[in-house]
Each structure stands twice: as C-alpha cells, then as structure tokens.
Amino acid sequence: MKGGEPAAVAAILARERIALARAITTVENEAAGASELLAALRPHLGRAHVVGITGAPGAGKSTLIGSLLGAWLARGSKVAVVAVDPSSPLTGGAVLGDRIRMGEHAGHDDCFIRSLSARGHLGGLSRTSAAVVDVLDAAGFDPVVVETVGTGQSEVAVARLADTRIVLCPPGLGDEVQALKAGVLEIADLLVVSKGDLPDAERTQAELRDMLALRARAPGWQPRVLRLSALAGEGVAPLVAAIDEHRAAAGVGRRLSPSGDPSGDGASLCERLARRDRYVAALGVEFVRARAGSAEVALAIGDEHLNFMGNCHGGVLFALADTAFGLASNGYGSVAAGIDAHITYHAAVRKGDRLLARAHEVTRNRKLAVYRVDVERAPGESIACFTGTVFLTDRRHRP
Amino acid sequence: MTNSTEASTPVATDDAAGRTDEAQARWRAAYEREIGAQRTARAIRNRSGIVIEPLYGPSERSGQWYAERLGYPGQPPYTRGIYATMHRGRTWTQRQLVGLGTPADYNARLRELVAGGASAVSLIPCNSVFRGYDMDEVPQELLGTCGVVVNTPEHLAACLDGVDLRRTSIGLNDPLPFTLLAFLIVLAERRAVSIGELGGTSNQSDYLSHCVANHMFFRLSLAGSRRVLLDEIAWCIDHLPRWNYLSVVGQHMQQAGATPAQAMAFTLASAAQYARDCTARGMDPDQVLARFTFFFDVSVSFFEEIAKFRAGRRIWARLARELGARDPRALRFKFHAQTSGADLTRQQPLNNIARVTVQAMAGIFGGLQSLHTDAYDEALSTPTAAGARIAVATQNILREEARLTDVIDPLGGSWYVETLTDRMEEEIARAMARIEEAGGMHRAVEDGLVQRMIGESARRFQEAIDSGEQVVVGINAYQAEEEPGERVAAARPDPAIMRMHVERFRRWKAQRSPGDVARALDALARSARDASANTFESVVAAARAGCTHGEICACLRRELGFGQPLTVV
Amino acid sequence: MSIRPKVLITKIGFDGHDRGARVVAAGLRDAGMEVIYTPPWQQIGEVVKLAIEEDVDVIGLSSLATDHLLVPRLVDALRAAGAGDVPVIVGGVVPDEEVRALLEAGVARVFHPGTALAEIVAFIDSETGRVRAARFAATMREGDDDEQH
C-alpha cells in the first residue's frame, strides 16, 4: 500500500471511515508503507487528548468508556477508542470483546472504535498501539481513549502514551491495594472506584485516598480518587469534569514529547546520537529512522566486512543489530546502558547484500527494558535475531 | 466431571455368596482378557462425565434401601414416579408446540393437530414477539417464519377460535411480562369465561434460563425480571387457581451445551431461587411450590436421561421440604420434556425419526407428565406439516402399539439404572453445591459462572464429536451421499397475506383511543416505579385498554432496564 | 510475516441461540485468528459500521431460526457503504432453496450444522488471502495512475 501518498493522507484527515480503518490496519501490521504514512501524518499530530484507561480484568473499563462516550458525544466531541485485548500465548489468536460492552454509543457516527490484539506484547498495549493513536489523532478525533489489556500491575506502557491516565479499581481490593501501590497506582492521574453501588466501594475509596496521602507530593497535578456507578449512571459528570481539568493542567501530546526531546517522539535525539557514533560511521551503517522504542538501520556489505571465508563477519551483524538496539533504547531522553545481548545467525551474508536491522521494544519497566532486533536481507528473509537488555539510568542525554 | 469409578460392581447378597464372588471374579478375569488391555484402560463416560461399567449386578440393597431411595410411585421420594397410577392412569399430555404465520394459519394447524390426537394446546409466537416487538416495527421478511404473529387480544382470539377455554389446557410460550397471558385473560372476559377456570402453563417464565441460554426470550434486566415474575406469581395465586405460573426450564441450558446432570442441577437451583424469592415476599411455600412445573430437554443418551429424571424427582422431594413445603403436591416434580433438537442432524434427515423415538422413550421411562416430540426436519428448517404429523404419530405408536405405558417405572430395579440414578444424583448435587457457594442461581448467572460452566461443557462435547469419540451417525461416521429428494422445502408465510395482517394491525392501532392507551401505559410505568404495586396487574389493565404487546414490553424495558445477556466466549 | 485473519462473528435478527456462534468464535481464536464476537440482535447498520472500523477480513453470521432471510439486506448495506468486497459467510440452519438465494445475493458460502471447524478455518484463510491480494492490487493500480498524472 502506498500509504504515504497525498490522497490517502487526505482521506484520513477527512475521517473517511474505510480509508481510516485500512490505514490503521497498515500501521498495526507494520505493512509496507506504514512508516511513510506515519511520517506524512506527523505534521497533523498533537491535537488529540489521549485518555488511558487501565485496571484489572472485570474492573469495568469498557462500561466506563461507554459512559464517557455518552457524555462526550452529547457535547459534540468526535471520539475514538483503541481497545487492546490479550492474545493467546499458544496460538496468537484473540477474542476482541471490549467494544460490545461499550453499549449503544458504539454506533454513533462521531465515534470510531478499533479493537487491537496485544499480539503477544507485554505491558498492556500492542506494539503498534501508539501508531494507531497517531492515525486517529491526525484524523481529528479528540479525545482518543486507550483501553489496556488489564492484566494488572505491569501496565505502565499507557503511562507514556496517554495524557490523562485513569486507573480503575473495583471495590474490595484488600491485599491487592498493596500490589497496586507498587504498580499502576503510581501512574494514575485519576483513580476511579468502579461499581460504586457495591457495599465496599466507599471503603475502597477511603483506602486509596489514605494511600495517596502517604505518598510524597510532587509539584503540579495531585491525583484524585472518584467513585462511579456506571450502571446507575452516577459519578460520570464529575469524572468528565476531572478529565477536563487534568487536560487543562497537563496539556495534550505527551507521547509526542518525551522529556529532553523537543522534536516530539525522540526521533531527532536518535538522529543526533547516530551522527555522534564514530564506530557506526566507520562501519558504513546508514541511519534509516528511529524514535523512542524503535529504530531501523541499514548496511550494504562490502569487501571490508568479509571474514576469511569470504562471508560477512559475524561481528558486523552484531554491530548492526546493536546499533538499532542502542538507538531505540536511548530515544526516550535518558541514558540506557546495555547490560546483556544475544544473537543467533540464520543465514550467511555475502558481498553486495543490503541488510536492514529493525529494533522494537518487547517490555519496559522503570529499571529495565528488553529489545528485539530482526536483521533481514529482504522483507521476511531473516538473517539474524538479536535480543538485548538495557538498564535505565536517571541521567539525561545532553542536548 | 466426576472421577469416581463405579462402586457397584456386582456384590452377592444371598447364601451362596462365596460361589457368586468366585463367579464374579471369573467373569471379571475373562472380560479383561477378552476385551483387551487397550479397551480396559479407556473408561467409557456418559455426557455428564460418569464412568460407565461394563456390567452391573446386585449390591447390598435392603428393604430399607428400597423405602428410602425408591419407595412406591406417588410416595416420597418419588423416584419411581410422582403419582400412584402414573401412565397407567393417565398417559402423558401430548403437547406439540406449534406456531406459524398469521393467527388464521395457526388456527388451521391447531385444528389439524387436535384431530390427530394432541390433547392440549400450545402456542409459539413469532420471534419478533419473543423479542418484545410489534409487527410494524420489524423487517417483514422475518414475520411469522418461526411462530405466529400475535400482538393483541384480537390476534389471540383468532388463534384460539373454536377452542373451549374452560376445558383446554393452554401452554403459552410467553416470557415475562406475560402479555399473552394478559391477552388470554382479556379474551376470557370477552367470552364470558370466568378467569378462575383458565388452565395451562406460562411456559418460558424462567428468566434465569433465558439470561443464561436463550437470549431471544430475555426481555428485561435481571433485577427487573425478578420483580415482574414475582408479581405474576402473586397475582396468579390470587386470581388464577388453575394456572401454572412458573415453568422452570432446563431445556435451554442443555441445548446450549450443559450436560444432562448440569441442566438438572441448574434447573433445581433456579427453582430453589424462585421459591426463596417467593417466601421472602411472604408467600406460603406449600401453595407456591405446588404449581411449579419443570421443562427439560431429553437427549438421545438413553439411560443417562432416564437416570437424570429419576434423580431429579428424588432431589426435588428433598429440596422442596428444605424450602418449607410439606404438602405432597409441592413435593411432586411435574415435568414436560421436549426431545432434543441439538441431537438432530441435517445429514440423512430421516435418521432423526429414530433419534426422536429413542429420546421420547427415555422421557417416558423417566416418568414425564407431558411430551413434545420434534419433527425430523427441524434441523433443515421450520418443521413442515408432514414432519409434525410423524412426530405426533411417534408418540401414538409408543403409547398404543408398543404399550410403554403398561408398567409404572419399568426400568426400576435394573441394577444399571438404579446405580446410574445414584451417580447422577451425586453429580447433580455437586453442581448444585457449586451454585450455592456462588450465592445462589441469580448471583451465579449475574456473575457468568453458569454461562462459563455451560460454555466449557459445550466445547468439550464439540471436541468429542470432532475427535470421533462421540459418534454422530451421518456426521462423523457412516456418512453417505445425499439422496436427491431427501430435502424438504421451507414453509414460509405468504408475504401478501402477512402484509395484509400488518396493514390491518396498523389500522386497528389507529382507531384506538389514544387517551386510554397513554393512560394505561403511564399507569404501567408508575407501577414499575412503585415497589409495592403489582406490575402484572397493570399489564392486564394495559391489555384491556388496547395497549399492544410491543408497547407494553417497551414501557417496561424503559422502566426496568433492557435484558442484556452476558456474553462469554 | 503472514497476517492473521480478523473475523467478525455476529447475529442479526431476533434469534438469541449463540451456542454455535460461540463454539465457532472460540475455534477460530484457537486457530490463531483475531475474532470480534458480538451479542445477538445487531442492527444491520451497526454490523456495517463495526466491520468497516475494525477492517475485518470476513463477516460470519450465525442463524438458527430464520434470520438468514435478512442477510441480503446486510450484503446490500455493505456495498452501499463501499465495503462490498468484505466476504459474508453464513452458518446455521438454512433450507436448500434459500441457500441458493443467499449465494445469488452475494453471500460467499453457507455452512450447515455439522461442518468441521477445520473447513471453516480453511475457507476464511483463503477468503482473507483473496481479498487482501485484490485490495493490494487495487492500491498498486491507483498508485500507478497517480504517477502517470
């Protein structure tokens, strides 16, 4: 698909439903043309308020989104929802069932809902969720809601993607509050106690408030705890108002501007880092593109890369993959130090071959991140597979 | 699923114990030698998961065992039947469910069935009616394709033209809020029949089974359904002494994939839920439970079904006492059975006649009070008249040619059947305990537990068919080339006649008094908001004032919430 | 990487029996597909919107009563919305002469009760491949046109 062409972009900007849906498929599958399309949409990003909703399975995320849709559509907003469901670790298949729980508003003309399978990706989102949000942002939807898989405390990926982070807590958490405390609770701008009509709801709300009070207060926005009964329709208006307030306080487009990188998504930082790397230059590695969490670099194999067998030296392949790994992991703005890496070689490489190494993030928490790099000769022809782990330091890259 | 191995291998009871023991050991050794190690290792299980032994023999069963576990027909625990005479006294009610096209079409078919031996009337409304809509608000191509289009008392009057309301037992497939029953009451009033003389059953009153397994009948939210059903029961106790206001349905759940044991367990757990709800409202358990009836699927798993019904009767006699009843009428487990459509195949459709026969026999030996046999062509389309005739004839043959009614509980005392009855009882009790732990049936349905258990069983059964472990003739074994001419044509109502039916309905609506209709619907809405009012009384009043089926359902959906099924994959 | 088929399993009309639809949805998931499963009684407009937004490869309708009689309306609505290339398959109890009518109306295939899951999986796989190849070819043609201008 020639996704980056003006006609395709114009159709997306005009919110033509079929074009938009097929563009999402292109970026979701990282199909041919996806990068060009995203590049063409870049000037149109940053208008949408991205609202992330996370919480354990059964906490009532989809029902909550249904209530929010009602309120937003009633005031004339054009709303998009990206709902991520888990995939089966055995077969990769998935049943995507969130949208049907969002109720009657799913059929509204100003509402666009897209279900994504996590496709084995950890952290509550699929690997390409952020790109899907970009397409919907460019199309002029505002807000764009992102519903995570909801498998628990590891879902911090939404923290970077969303401008307003809502964590949903069903009543009667008990011990789970302790687990929450260590995980998602830390990212919440708004904590919402769902199923507010259940007897434990009030106590849960009080417990969460106590917990917030114990935390060191950071300057700026102070997280709040709200109670909601989506079934009875109570608590929706105060939640909508709180979301508006947070938007006013924190702004939109967080995913586009990781701290320390004014260019937006880390792309310009990556480009600077790549230019600074003298080994890369000596080896002849070409910088293709990179942003926080992903990178692509290429290399044309020449005489200087060959070993005593006349094949490309394994160290060259390692260096190529390691370059993509380093750029992807450092694109967030803080220094990521490689602490472990492995490579498997699948095929011999000869002079004249052109190789492409693509890095993507497998998982990321506050201390560690794991990346996978695929080295290919032609699309789908795997040459080597590389995995690497970085330790995330607090140090920032110098501007 | 149980893992218990069969406890009742043959045990001797007489003086020749030693000889019998030795003979048994010899048989066992010969059996294992001759059948081969591979087949000994592989246990045979029935659909409920119970291991079936190759042979059952006499066990240590005393006179006391007989009195406690079996008893005589008409005596607790009713294992052998709920009446002293059973089918010798009165055979089962032959109740064929029919419904097609316009009220006039239905009336013609009804007269044909009565002439053919059907002893009671039943009415299946169109699926648009089941969903709570009037004919002028739905796509016309679906109208009357699965049932009769009834939206007003006038339509019901045309359906039941020539039927004596005083003498005929009428089965209405009428989910809450029971508009068809309200129309019947209005019709009786118009024909100057005292409503106290109306006899029959509100089939499809069991909203829990609809929420779990037949979503088409699920009209109001769970909480709203609970309220409206209790209102109907209370109203019927006061005004309709011969009406069976509640039929607790296991059929949908077994059709949806529950094992026979699960279906019985969920049905009994639902009955317990309804009984507790009624007594919590101050009703007398003896009075309330006496008019509970039950409705089951009967599958082709012959012995398992017989044991299911015998075990169900025994558990109900015990459960009803626990629920506070003492009157024998409340302890009797009265049930209607319908042969299972899920067992029928599209391939080699005439084979279905054999399946229906085996299913019907299982129901009869299980001691049913009322029976519907499916038409063999149900797996192909809405049953044809020819198919329905064979279904009725099957019952006549079993009753009058084969004389299955001559002996009460003819399989009682069979070592296999008695042992299997005990095992099924244990299996049913286990599933019921799980529901109780979850907080009772209403809660277990609300949380999706029942739906998940049924989904799991359905999947397991499908896997058994896919792997060939469960043989289905014509599907995974003995497949044959289809013979031309085996196919039957679908019966569809005449679109021109249906268009006229809709047109007449529109005109009828237009000539009503708008003020009367608006006032009646307003009163209905107010009764729904007032917990101390009886909503069914307002439904009857609304029907009297000319409100249509669709208007009544829409009003209560607005007030009490739409019945949204919980979807579990 | 081969892309997984994305399939909508749904029901239109009045019937609510979902045993078949659920077993098929679970089976397709286990075959590695991405499945969107809805409750019964979807309106035709809702199905069209969902199929477009989710960019599904195939729409599967389950019909146990007579709801298949509405399927031609759905096919027409898809065409009118510009999504006429999405194949529609029907599973359930459909009388023979109405199977013919459905195929003539544009339904890709009717599966009867008792069909092995593997057969359904294979058909969806091949339809997905066919439709994606056709769409890809169409975008390449459009691209060529653009370059000429």
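Every chain is numbered independently, its residues counted from 1 as its sequence is written. Naming scheme: in the order in which they are written, chains are lettered from A and ligands are numbered from 1. Reporting of local features is limited, given that this is a predicted model, to residues whose pLDDT is at least 70; pairs of side-chain atoms are given and counted only at 80 or more, and all residues count toward the totals for whole chains, interfaces and linings.

Runs of E in the DSSP output that reach at least two residues are strands. Runs of H or I that reach at least four are helices, and both are numbered from the N terminus. Across its full length, chain C carries five helices and five strands. Seen in sequence order, chain C has helices and strands lined up from the N terminus as β-α-β-α-β-α-β-α-β-α. Each radius of gyration reported is based on C-alpha atoms, and the globular scaling rule is 2.2 Å times the count of residues to the power 0.38. The C-alpha radius of gyration computed for chain C amounts to 16 Å, which stays within 12% of the reference 15 Å derived for 149 residues, consistent with globular compactness. The principal-axis extents of the C-alpha atoms in chain C amount to approximately 55 × 30 × 25 Å. With C-beta atoms placed from the backbone, the exposure class of a residue follows from how many other C-beta atoms lie within 10 Å of its own: 20 or more, buried; 12 or fewer, exposed; in between, partly exposed. The buried share among the 149 residues of chain C stands at 54%.

Along the backbone of chain A there are 12 helices and 14 strands. Counting only residues that meet the buried cut, chain A has 46% of its 399 residues in that class. The contacts of chain A with a sequence gap of at least 6 include a subset with a gap of at least 24, amounting to 72%. Our contact criterion uses C-beta atoms placed from the backbone: two residues qualify when those atoms are within 7 Å.

A few words on the pairing of strand β10 (residues 294-300) of chain A. Residues and elements named next belong to chain A. DSSP-based pairing: two strands are paired if at least 2 bridges between them are found. Of the pairings in the sheet, the one linking strand β9 (residues 286-291) to β10 comprises five bridges and is antiparallel in character. Directly across from Glu286, in β10, lies its bridge partner Ala298. Where β9 folds back onto β10 in an antiparallel hairpin, the turn is made up of two residues, including Gly293, whose phi is positive at roughly 95°. Here seven bridges tie β10 to strand β12 (residues 354-364), and the two strands are oriented antiparallel to one another. When the bridges of β12 are listed, Ala300 appears paired with Arg354.

Residue and element names in this part refer to chain B. To estimate how far a helix should extend, the number of its residues minus one is multiplied by 1.5 Å. Over its 21 residues, helix α14 (residues 302-322) runs 31 Å from end to end, which matches the ideal 30 Å to within 8%, given 1.5 Å per residue. Of all 21 residues in α14, 15 are buried; the element is thus mostly enclosed. Where α14 terminates, the next one or two residues include Gly324, which has phi positive at roughly 105°.

Detail in the predicted coordinates should be disregarded across regions flagged by low pLDDT. Chain-level pLDDT for chain C is 88 on average; 92% of the residues reach the 70-or-more range. Scoring the predicted complex yields pTM 0.77 and, for the interface, ipTM 0.91. Each residue carries a pLDDT score, the predictor's confidence in it, ranging from 0 to 100.

To continue, consider the interface of chain C and chain B. Every contact between the two is made by 30 residues of chain C and, on the other side, 34 residues of chain B. Mapped by element, the contributors of at least two residues to the side of chain C that touches chain B are α1 (19-30) and α4 (96-105) of chain C. Examining the composition of the side of chain C that touches chain B, we find that five residues originate from one element, α1(C), more than from any other. Just so you know the grouping, Ala, Val, Leu, Ile, Met, Phe, Trp, Tyr, Cys and Pro go in nonpolar, Asp, Glu, Lys and Arg go in charged, and all remaining residues, Gly too, go in polar. Grouping the amino acids of the side of chain C that touches chain B by side-chain chemistry returns 16 nonpolar, six polar and eight charged.

With that settled, the discussion passes to the sheet that holds strand β14 (residues 382-396) of chain A. Residue and element names in this part refer to chain A. Overall, antiparallel pairing links the six strands, which are arranged β9-β10-β12-β13-β14-β11 in an open sheet. Every interior strand has two partners, whereas the edge strands, β9 and β11 (334-345), have only one. Sheet twist, expressed as the mean angle between neighbouring strand axes with direction ignored, is 20°. A fitted line through C-alpha atoms represents every axis, and for helices the fit uses only the stretch in contact; the resulting angles, taken between N-to-C directions, go from 0 to 180 degrees. Along the sheet, helix α12 (residues 314-330) makes contact with β9, β10, β11, β12, β13 (368-376) and β14, crossing β11 at roughly 145°.

Attention now goes to the packing of helix α22 (residues 514-529) of chain B against helix α23 (residues 535-544) of chain B. Packed helices, taken two at a time, are described by the angle between their axes plus the distance between the axes. Residues and elements named next belong to chain B. Here α22 crosses α23 at 175°, and the two axes come no closer than 9 Å. Taken together, α22 and α23 sit at an angle that is classed as roughly antiparallel. On α23, the residues touching Ala520, Leu521, Ala523, Leu524, Ser527 and Ala528 of α22 are Thr535, Ser538, Val539, Ala541 and Ala542. Of the residues assigned to the contact of α22 with α23, the class counts are eight nonpolar, three polar and no charged. What sets the label is the angle itself: under 35 degrees gives roughly parallel, over 145 gives roughly antiparallel, 65 to 115 gives roughly perpendicular, and the rest give oblique.

Let's shift gears to the nonpolar core. Counting residues in hydrophobic clusters, the biggest one holds 187 residues, and the most contacted among them are Leu184(B) and Val35(C). In terms of residues, this core owes the most to one element, helix α12 (residues 260-280) of chain B, which gives 12 residues. Those residues within four positions of Val35(C) in sequence are excluded, and the remaining contacts are Ala94(A), Val95(A), Leu96(A), Val7(C), Ile9(C), Ala25(C), Leu28(C) and Arg29(C). Each nonpolar core consists of buried Ala, Val, Leu, Ile, Met, Phe, Trp, Tyr and Cys residues. Their C-beta atoms, within 7 Å, join them into a set. Ala139(A), Val146(A), Val149(A) and Val193(A) belong to the second-largest nonpolar core, a separate cluster that totals 69 residues.

As a further point, take the packing of helix α8 (residues 179-190) of chain B against α23(B). Residues and elements named next belong to chain B. Axis separation between α8 and α23 bottoms out at 9 Å; the angle between their running directions is 60°. As summarised for this structure, α8 and α23 are arranged oblique, according to the angle between their axes. For the element pair α8 and α23, the recorded crossing hand is right-handed. Contact residues: α8 offers Thr179, Ala182, Phe183, Ile185 and Val186, while α23 offers Val539, Val540, Ala543 and Arg544. Counted by class, the contact of α8 with α23 contains seven nonpolar, one polar and one charged residues. A crossing counts as left-handed when the near helix is turned anticlockwise from the far one by less than a right angle, and as right-handed when that turn is clockwise.

The subject of this paragraph is the environment of Arg281(B). Residues and elements named next belong to chain B. Its location among the elements puts Arg281 in the loop between α12 and α13 (285-289). Residue Arg281 is classed as exposed on the basis of its 12 C-beta neighbours within 10 Å. When the C-alpha positions of Arg281 and Gly74 are compared, they lie 30 Å apart, and in sequence the two are 207 residues distant. Beyond its immediate stretch of four places on either side in the chain, Arg281 contacts Leu230 and Ala234.

So, on to the sheet that holds strand β7 (residues 190-193) of chain A. Residues and elements named next belong to chain A. A sheet is described by the order of its strands in space; here seven strands give the open sequence β4-β2-β5-β1-β6-β7-β8, paired in parallel fashion. This sheet does not close on itself; its edge strands, each paired only once, are β4 (111-117) and β8 (224-227). On average, each strand axis in the sheet is inclined to that of its neighbour by 20°, with strand direction left out of account.

Bringing unusual backbone geometry into the picture now. Put simply, Asp142(A) and Pro143(A) share a cis peptide bond, and its omega is 5°. Tracing the sequence through the fold places Pro143(A) in the loop between α5 (129-138) and β5 (144-147). A cis amide bond links Leu176(B) with the next residue in sequence, Pro177(B), at an omega value of 10°. Although it is not a glycine, Tyr78(B) sits at a positive phi angle of roughly 65°. Relative to the helices and strands, Tyr78(B) is located in the loop between α3 (63-70) and α4 (86-89). A positive phi angle, near 60°, is found at Phe178(B), a position not held by glycine. With respect to the secondary-structure elements, Phe178(B) resides in the loop between β5 (169-173) and α8.

All names here are of chain A. Note that β12 and β13 share eight bridges and pair antiparallel. Following the sheet pairing, Arg364 is matched in β13 by Ala369. The hairpin turn running from β12 into β13, its antiparallel successor, is three residues long.

Count 3.6 residues to each turn of an α-helix, and residues three or four apart come out pointing the same way. Residue and element names in this part refer to chain A. Its 12 residues give helix α2 (residues 17-28) an end-to-end C-alpha distance of 16 Å, which sits within 8% of 16 Å, the value for a rise of 1.5 Å per residue. Among all positions of α2, only Ala19, Leu20, Ala23, Ile24, Thr25, Thr26, Val27 and Glu28 are buried. The inward-facing, buried residues of α2 contact α1 (6-13), α3 (34-41), β4 and α5. Directly after α2, the chain includes Glu30, whose backbone phi takes a positive value near 50°.

All names here are of chain C. Along the polypeptide, Thr10 turns up in strand β1 (residues 6-10). Taking the number of C-beta atoms within 10 Å as the measure of exposure, Thr10 has 25 and is therefore buried. Spatially, the C-alpha atom of Thr10 lies 5.3 Å from that of Thr38, the residues being 28 residues apart in sequence. Excluding anything up to four places from it in sequence, Thr10 contacts Thr38, Gln42, Val47 and Leu61.

For the rest of this paragraph, the subject is the environment of Asp210(A). All names here are of chain A. Position of Asp210 relative to the elements: it lies in helix α8 (residues 201-214). Its 11 C-beta neighbours within 10 Å are what place Asp210 among the exposed residues. Put simply, Asp210 and Phe112 are 98 residues apart on the chain and 38 Å apart in space, counted from C-alpha to C-alpha.

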